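Given next are the chains, with one letter for each unit.
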Amino acid sequence: MAAAGAEAAAVAAEEEKRLPEGDPESGGDSEDEGDSDSSGDGEDEEKENEAEIQRLEEQLSINAFDYNCHLDLIKLLRQEGELVKLRRARQKMSELFPLTEEIWLDWLKDEIKMASESSEREKVYELFERAVKDYICPEIWLEYAQYSIGGIGQEGGIEKVRSIFERALTAVGLHVTKGTALWEAYREFENAILETAQPAPGSIPSPEQQQMLCSQLEKIHTLFRRQLGIPLLDMEASYAEYEEWSEDPIPETIVKNYKKALQQLEKCKPYEEALLGAETPKLAEYQAYIDFEMKAGDPARIQLIYERALAENCLVPDLWARYNQYLDRQLRVKELVLSAHDRAVRNCPWTVGLWIRYLLAMERHGVDHGIISEMFEKALNAGFIQATDYVEIWQAYLDYLRRRVDFTQDSSKELEELRSAFARAVEYLKQEVEERFSESGDPSCTIMQNWARVEARLCNNMQKARELWDNIMTKGNAKYANMWLEYYNLERAHGDTQHCRKALHRAVQCTSDYPEHVCEVLLTLERIEGTLEDWDAAVQKTENRLARVNEQRAKAAEKEAALAKQEEEKAEQRKQARAEKKASKKAKKNRIGDKRKADDDDEGEWGQEEEAEQPSKRHKGDGDGIHLEEDMEVEAGLFGRSGPEKPDYPGNQKEKASTSRKDIPKVLHDSSKDNVTVFVSNLSYTMADPEVKLKELFESCGEVAEIRPVFSNKGTFRGYCYVEFKEEKSALQALGLDRKVVEGRPMFVSPCVDKNKNPDFKVFRYSTTLEKHKLFISGLPFSCTKEELEDVCKAHGNVKDIRLVTNRAGKPKGLAYVEYENEAQASQAVLKMDGLTVKEHVIKVAISNPPLRKLPDKPEPGRASQFAVPRQVYGARGKGRTQLSMVPRALQRQSNPMAKAENGMVQNSPATSSDPSEEPKKMSNADFAKMLLKK
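Let us look at the structure shown here. Because the structure is predicted, anything quoted here is derived from the model rather than measured.

**Looking at the overall build of the chain**
- Helix and strand counts for the chain come out as 36 helices and 14 strands.
- Per-residue burial for the chain yields a buried fraction of 41% across its 935 residues.
- A separation threshold of at least 6 residues defines the contact pool for the chain, and within that pool the share at least 24 residues apart is 63%.
- In the structure as shown, the chain presents an accessible area of about 52,200 Å², 51% of it carried by carbon and sulfur atoms.

Written out as structure tokens, the structure reads:
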């Protein structure tokens with residue numbers, strides 16, 4: 001009777017659950033009428049979906065690890081009602097990846113609708129068992145328990161339901177926010193059985209019925225008491241419900257446990273509230289919660305919080321590593337540990353550390369050798385993103401094979417397997433890995449070194465060890481002293497003196513990095529064990545070798561010094577050529593204009609030029625011409641243009657120079673406002689009204705106090721300016737406009753920093769370290785657009801961002817950075833896109849790992865930089881044209897080197913250069929005569 005009543009209740013619950021999804025009364029007729037009205041559109045859409053399904057299937061046949069492609073295919077097949085293909089697609093995806101809670105629930109609900117016979121129900125049970133192993137999800141466990149109630153009428157049905165509920169409580173019953181639902185569902189099930197066990201009104205229950213009633217009541221009491229001892233949300237309501245339901249007072253021990261759980265709940269609430277208010281992925285909040293539970297030390301709660309964190313951060317390898325380490329060291333339960341390791345490598349197959357931990361865990365728990373070897377083969381096919389990863393996984397597997405060998409036997413199956421594995425590893429790195437990464441990942445031949453150690457120490461086979469070391473030395477390692485000493489130590493421990501001497505003699509001959517060290521070891525050997533002839537031979541060999549080394553080093557030093565001197569001479573020649581060119585331009589201009597006005601203009605220009613300061617540019621040349629060298633453009637100086645000038649131009653120029661002099665000191669001296677100011681550069685020189693244009697642009701960041709564009713003495717815009725805000729946060733927000741295209745050029749926005757105080761300050765907004773989720777693409781055609789590149793890349797994963805690299809003028813350089821959602825997608829994209837042809841250009845694709853940026857060498861203390869020191873020191877207002885015209889150019893060329901040497905001291909003492917007439921007096925007529933004679 002109890003079973004029949006429970007079955008009726010289960011059937012009703014099952015029907016109630018299915019009605020909203022499949023009941024034709026819920027609007028199916030009206031939808032059919034709507035479909036009939038638009039049958040033409042429906043057919044077109046169906047054809048498009050079929051074509052898309054075919055495309056996705058082809059894509060998966062090429063790259064089975066495309067996660068997003070799997071999702072799109074499942075979505076389309078479910079929409080089209082292709083049940084057979086849908087089941088097959090879900091099956092393939094579940095074999096490669098752990099499925100999320102949403103995917104499993106959709107799959108389970110579809111299978112439940114189609115399961116009518118008992119054999120089909122068993123398949124649904126198997127599917128549930130697979131689902132609960134991927135992640136610990138309360139919703140899936142609840143769905144599993146409720147579905148099992150539908151089979152309560154079968155033999156052993158009630159016990160099966162109770163078993164599933166008990167497993168669910170063990171897995172997620174401690175879940176603070178979602179565990180209550182499972183406890184309540186379990187109690188409702190037991191209450192339903194209790195109702196069916198009640199005798200009919202007016203009848204007297206038999207002893208068997210009475211015993212069953214008492215037993216059922218005790219089960220419900222036990223469930224209440226177990227639940228009240230666990231910190232769960234709304235546990236006060238559960239306590240009130242127990243008081244109302246129970247006819248007897250609640251025992252004191254239960255009340256005590258309940259209060260203790262309430263206290264624990266109060267400690268957990270801040271962490272649960274932090275998770276509730278945080279945005280995905282909530283890593284910091286979960287880590288704080290994990291640390292809290294680790295201090296408490298309850299293994300079940302620690303495991304649960306780790307599982308909750310991994311359900312939302314399944315692609316974070318470090319989180320998996322910490323969880324697996326905890327399971328390996330603390331719980332050590334075979335099924336639990338191996339399941340966690342398996343899920344880790346399925347979620348993050350590109351992380352070699354997780355595979356190594358998995359192999360160790362399988363060995364630790366005595367898993368069959370065949371299964372471990374099979375798992376190693378899967379690791380080799382996981383698609384690691386670095387060559388060194390393959391070296392690490394091979395070394396871990398070889399260590400495992402070495403531990404299986406009984407070296408007390410001369411020969412065994414395990415030993416032969418180890419040797420063949422060593423040989424295969426060397427060949428694999430040489431062919432497979434080197435072909436993919438252009439390097440083996442093992443330049444020092446560590447695997448062959450370990451093989452040689454095994455042969456020498458464990459197998460007593462020095463002949464094989466020597467052969468391996470010969471092979472190692474032929475791979476470019478003979479020039480390194482440490483490699484020879486490693487071989488020597490092996491010979492010293494397991495070989496003989498003759499081979500030790502032979503190895504050291506070869507080392508003395510071949511070593512190029514530290515030959516002195518090798519020579520010293522050879523002499524030490526002969527001093528202890530050698531004869532007089534051996535000693536003489538060693539001394540002669542080492543002396544000859546060191547003499548040759550010192551000679552080579554001296555030649556290299558001379559060559560380097562000659563190259564440095566040659567570079568200095570070339571630099572000096574370039575300086576002199578520029579000086580001559582500018583001097584000739586100045587002399588030509590002096591003949592054209594009025595000398596006095598020109599001198600006044602020159603005086604004003606140099607006065608302003610000394611005051612003005614540009615953070616990212618440097619002044620070059622003398623006289624009126626001011627040349628600003630940048631990466632992409634050089635602006636002509638005041639007299640850079642030829643041709644007749646307007647009669648009133650000197651007056652206009654003087655007026656503009658006066659205006660410029662009024663503006664520039666504000667840029668320099670108001671350093672207290674650097675925190676609210678940004679420096680804007682790389683703007684177009686032809687920009688009209690830069691103040692108006694830039695104000696419109698920067699007002700979106702906050703209230704702009706002032707915009708100070710910098711103009712040349714001619715009044716033309718120099719392409720950079722200072723933007724001052726009212727608040728510091730506005731300036732920080734303005735930095736986000738860096739690289740924004742303005743009038744066809746990328747605008748550079750950087751903090752306002754005094755380069756005199758911070759000469760090494762540089763701003764580079766992009767990462768310069770390894771980013772495993774980002775790709776670097778080179779060889780792109782210059783005509784390739786961002787949209788076209790995105791179409792190529794999105795076939796291999798979810799593209800988050802694409803950046804086409806341009807020069808300062810905004811022209812493409814054929815390079816790009818593509819950011820994917822995770823490392824797995826990026827690694828697969830490298831495999832599929834490297835060597836791809838785009839618009840007849842073969843592109844190269846690699847994981848983004850920029851080389852270290854070379855910093856400019858700083859000048860030695862006490863020496864002035866050749867770029868920072870002018871060739872001559874003049875007065876505070878610069879060098880006038882009259883000074884230039886007084887000295888012949890031939891003499892000016894000869895005096896430059898001396899002036900440079902002297903100005904290194906004058907640069908640090910401005911007071912010594914205040915008098916413009918002081919510099920020419922340093923040389924007498926006799927000095928000029930000597931210079932001419934030398935020439």
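**Some thoughts on the environment of H494**
- With respect to the helices and strands, H494 occurs in helix α24 (residues 481-494).
- According to the relative accessible area criterion, H494 is partly exposed, its value standing at 32%.
- Sequence separation between H494 and R453 is 41 residues, and the spatial gap between their C-alpha atoms is 9.6 Å.
- If near-sequence neighbours (up to four positions away) are discounted, H494 is found in contact with A456, R457 and M462.

**Structural notes on the layout of surface pockets**
- In this model, the second largest pocket occupies a volume close to 1,200 Å³.
- Contributing to the lining of the second largest pocket are 48 residues, with T280, A311, E312, N313 and C314 lying nearest its centre.
- Secondary-structure elements contributing two or more residues to the lining of the second largest pocket are α4 (67-80), α6 (101-114), α8 (138-149), α13 (252-277), α15 (299-312), α17 (334-347) and α33 (823-833).
- Considering each element in turn, the lining of the second largest pocket owes the most residues, 5 residues, to α33.

**Thoughts on the nonpolar core**
- Judged by nonpolar contacts, the single largest core of 163 residues is most densely connected at I140, F189, I393 and W394.
- In terms of residue count, the dominant contributor to this core is helix α20 (residues 387-404) (10 residues).
- Ignoring any residue separated from it by four or fewer positions in sequence, one finds I140 in contact with E101, W104, L105, L108, F128, A131 and V132.

**With respect to the pattern of salt bridges**
- The final tally for this structure, using the stated rule, is 41 salt bridges.
- A salt bridge links D110 to R90; the shortest N-O distance between them is 2.9 Å. With a gap of 20 residues between them, D110 in helix α6 and R90 in helix α5 (residues 83-96) connect regions that are remote in the sequence.
- Relative accessible area serves as the criterion here: at 3%, R90 is assigned to the buried category.
- Put simply, E771 and K774 hold a salt bridge, and the shortest N to O gap is 3.4 Å. For the pair shown, E771 and K774 are each scored as buried.

**Considering the packing of aromatic side chains**
- Enumeration according to the criterion identifies 32 aromatic pairs in this entry.
- With a centroid separation of 5.0 Å and an interplanar angle of 5°, the aromatic rings of W104 and W107 are classed as stacked. Residue W104 and its partner W107 are both found in helix α6; the two are separated by 3 residues, about one turn of the helix. As far as burial versus exposure is concerned, W104 and W107 are alike and both buried.
- Summarising the aromatic geometry, the rings of W469 and Y487 are spaced 5.6 Å apart at their centres and angled 20° between planes, so their arrangement reads as stacked. Placement of W469 in helix α23 (residues 462-477) and of Y487 in helix α24 is noted, with a sequence separation of 18 residues between them.
- It is R121 that lies over the ring of Y147; its NZ or CZ is 4.2 Å from the centre.

**Quick notes on α23**
- Taken residue by residue, α23 has M462, A465, R466, L468, W469, I472, M473 and N477 as its buried positions. All buried residues of α23 lie within an arc of 160° about the axis, which places them on one face of the element.
- Here the buried face of α23 lies against α22 (446-458), α24 and α25 (497-510).

**So, the side chain of S778**
- By secondary structure assignment, the location of S778 is in strand β9 (residues 771-778).
- Ignoring any residue separated from it by four or fewer positions in sequence, one finds S778 in contact with G814, L815, I843 and K844.

**Quick look at unusual backbone geometry**
- Residue P281 follows T280 across a cis peptide bond; omega there is 20°.
- On the secondary structure map, P281 appears in the loop between α13 and α14 (283-296).
- Phi at N682 is positive, roughly 65°, even though this residue is not glycine.
- With respect to the helices and strands, the residue N682 is situated in the loop between β4 (677-681) and α30 (690-698).
- At K839, a residue that is not glycine, the phi angle is positive and equals roughly 55°.
- Note on placement: K839 falls in the loop between β12 (837-838) and β13 (841-842).
- Residue class for K839 comes out partly exposed when judged on its relative accessible area of 40%.

**So, helix α16 (residues 317-331)**
- In a regular helix each residue adds 1.5 Å, so 15 residues correspond to 21 Å; α16 covers 20 Å between its end C-alpha atoms and thus fits that length.
- For α16, the set of buried residues is P317, L319, W320, A321, Y323, N324, Y326, L327 and D328.
- Each element contacted by the buried residues of α16 is listed here: α14, α15, α17 and α18 (352-364).
- Where α16 ends, the next residue or the one after it, R332, has phi of about 55°, a positive value.

**A closer look at a negative patch on the surface**
- Together, E43, D44, E45, E46, E48, E50 and E82 make up a negatively charged patch on the protein surface.
- Among the structural elements, E43 can be located in helix α3 (residues 39-62).
- By relative accessible area, which is 49% here, E43 ends up partly exposed.

**Focus: the packing of α16 against α18**
- Relative orientation of the contacting elements α16 and α18 amounts to 15°, with a least axis distance of 11 Å. Judged on the interaxial angle alone, α18 and α16 are roughly parallel. Taken as a pair, α16 and α18 cross one another with a handedness that is left-handed. Each of P317, W320, A321, N324, Q325 and D328 in α16 lies in contact with α18, whose residues at this interface are L354, R357, A361 and R364.
- Here the residues of the contact of α16 with α18 sort into 5 nonpolar, 2 polar and 3 charged.

**Considerations on the sheet that holds strand β6 (residues 717-725)**
- Ordered by their spatial adjacency, 5 strands build an open sheet running β5-β6-β4-β8-β7, and the pairing between neighbours is antiparallel. Since the sheet does not close on itself, it has two edges, and those belong to β5 (704-711) and β7 (740-742), each with one partner. Direction aside, neighbouring strands of the sheet carry axes that sit 30° apart on average.
- The pairing of β5 with β6 spans 6 bridges and is classified as antiparallel. Residue pairing across strands places E706 opposite E724, the latter belonging to β6.
- Contacts from α30 reach β4, β5, β6, β7 and β8 (745-751), with the element oriented near 140° to β5.

**Focus on the sheet that holds β9**
- Strand order across the open sheet formed by 4 strands is β10-β11-β9-β14, with antiparallel pairing between neighbours. In the strand order of this sheet, the two ends are held by β10 (799-806) and β14 (844-848), each with one partner. On average, each strand axis in the sheet is inclined to that of its neighbour by 25°, with strand direction left out of account.
- Summarising the sheet, β10 and strand β11 (residues 812-820) pair through 7 bridges and their orientation is antiparallel. Of the residues in β11, the one forming a bridge with V805 is L815.
- Contacting β9, β10 and β11, helix α32 (residues 786-793) crosses the sheet at an angle of about 135° to β10.
- Across the sheet, α33 lies against β9, β11 and β14, angled at about 25° from β9, the strand it touches most.

Criteria and thresholds
- Residues numbered from 1 in each chain as written.
- Predicted model: local features only at pLDDT ≥ 70, side-chain atom pairs only at ≥ 80, totals over all residues.
- Heavy atoms only, no water.
- Helix = DSSP H or I, 4+ residues; strand = E, 2+ residues; numbered from the N terminus.
- Buried < 20%, exposed > 50% of the residue type's maximum accessible area, 1.4 Å probe, protein only.
- Contact = heavy atoms within 4.5 Å.
- Areas by Shrake-Rupley, 256 points an atom, 1.4 Å probe, with all protein chains shown as cover.
- 1 Å grid on protein atoms, 1.4 Å probe; cavity = no way out; pocket = protein on both sides within 12 Å on 5 of 7 lines; lining within 4 Å.
- Points joined across faces, edges and corners; volume = space filled by probe spheres on them.
- Core = buried A, V, L, I, M, F, W, Y, C linked by side-chain atoms within 4.5 Å.
- Salt bridge = Lys/Arg side-chain N within 4 Å of Asp/Glu carboxyl O.
- Phe/Tyr/Trp six-rings, centres within 6.5 Å; stacked < 30°, edge-to-face > 60°.
- Lys NZ or Arg CZ within 6 Å of the ring centre and 35° of its normal.
- Arc of directions from axis to C-beta.
- Expected span 1.5 Å × (residues − 1).
- Patch = residues over 30% accessible without salt bridge, like charges linked within 9 Å, V, L, I, M, F, W, Y side chains within 5 Å.
- Lys, Arg positive; Asp, Glu negative; His and termini not counted.
- Charge placed at Lys NZ, Arg CZ, Asp CG, Glu CD.
- Axes fitted to C-alpha atoms, helices over the stretch in contact; angles between N-to-C directions.
- Parallel < 35°, antiparallel > 145°, perpendicular 65-115°, else oblique.
- Left-handed = near helix turned anticlockwise from the far one by under 90°.
- Nonpolar A, V, L, I, M, F, W, Y, C, P; charged D, E, K, R; others polar.
- Pairing = 2+ DSSP bridges.

From the geometry alone we can't say anything about function, so treat these as descriptive.
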